[in-house]
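These are the residues of each chain, in order.
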Amino acid sequence: GGHPHPLYTLQLFPVRYFEVTLLPPKKQQRMPHDEFSRNACVAVGISTRSFPLEGKQPGWDGQSASVHSDDGKFFFGHTRGRTSLGAFPFRPGDTVGCGLRLDTPFPVLFFTLNGQLRKTVCWVEEE
């Protein structure tokens, strides 16, 4: 009485992850890459439901965390970004991913750029 097929164990990590690809501005709004980084900022990250969708960038308070395209810095709970975790600016054409691992004692937030895990990995906790 054995099984006709071998039994496999599938281990799933409790991870939430999404990716965003930045599209170039419409033709009438096109600008060079340096001008894009000076005049535009796209934030990719996570927030609570109570975070306002207008008026502030994600990461500027304790209700959200993100990386910003203009300087590639990580923001959580402050308007000054952190570079100690590894900054990575991103531009139109890049794909940025944001993930949250929930299988550790503290949730771990991580980011990818064009499919590559970036150095920016941190525990999400209040300072």
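## Thoughts on the sheet that holds strand β2 (residues 43-47)
An order of β2-β3-β4 is seen for the 3 strands of this open sheet, with the pairing classed as antiparallel. In this open sheet, the two edge strands, each paired with only one partner strand, are β2 and β4 (74-76). Neighbour-to-neighbour, the strand axes of this sheet turn through a mean angle of 15°, independent of strand direction.

## Some thoughts on the side chain of Thr112
Tracing the backbone shows Thr112 in strand β6 (residues 108-113). Separated by 2.7 Å, the side chains of Thr112 and Tyr17 make a polar contact. Those residues in contact with Thr112 that sit more than four places away from it in its chain are Tyr17, Glu19, Phe88, Thr95, Val96, Gly97, Leu117 and Arg118.

## Here we look at unusual backbone geometry
Backbone geometry follows two general trends: most residues other than glycine have a negative phi, and most peptide bonds adopt the trans configuration. Of note in the backbone geometry, Asn114 takes a positive phi value of approximately 50° without being a glycine. Within the fold, Asn114 resides in the loop between β6 and β7 (116-123).

## Considering the side chain of Asp61
On the secondary structure map, Asp61 appears in the loop between β2 and β3 (64-68). Using a relative accessible area of 16% as the deciding quantity, one classes Asp61 as buried. Looking at Asp61, its side chain comes within polar contact range of the main-chain nitrogen of Gln63, at 2.9 Å. A distance of 3.5 Å separates polar atoms of two side chains, one belonging to Asp61 and the other to Ser64. In this structure Asp61 touches Phe51, Lys56, Phe76, Gly77 and His78, once residues within four positions along its chain are discounted.

## Quick notes on the nonpolar core
Ranked by size, the top nonpolar core spans 14 residues in total, and within it Val67, Phe74, Phe90, Leu109 and Phe111 carry the most contacts. Of all the elements in the fold, those that place two or more residues in this core are β3, β4, β5 (95-101) and β6.

Cut-offs and rules
Residues numbered from 1 in each chain as written. Predicted model: local features only at pLDDT ≥ 70, side-chain atom pairs only at ≥ 80, totals over all residues. Heavy atoms only, no water. Pairing = 2+ DSSP bridges. Helix = DSSP H or I, 4+ residues; strand = E, 2+ residues; numbered from the N terminus. Axes fitted to C-alpha atoms, helices over the stretch in contact; angles between N-to-C directions. Polar contact = N/O pair within 3.5 Å; in protein donor to acceptor, adjacent residues only side chain to side chain. Contact = heavy atoms within 4.5 Å. Buried < 20%, exposed > 50% of the residue type's maximum accessible area, 1.4 Å probe, protein only. Core = buried A, V, L, I, M, F, W, Y, C linked by side-chain atoms within 4.5 Å.

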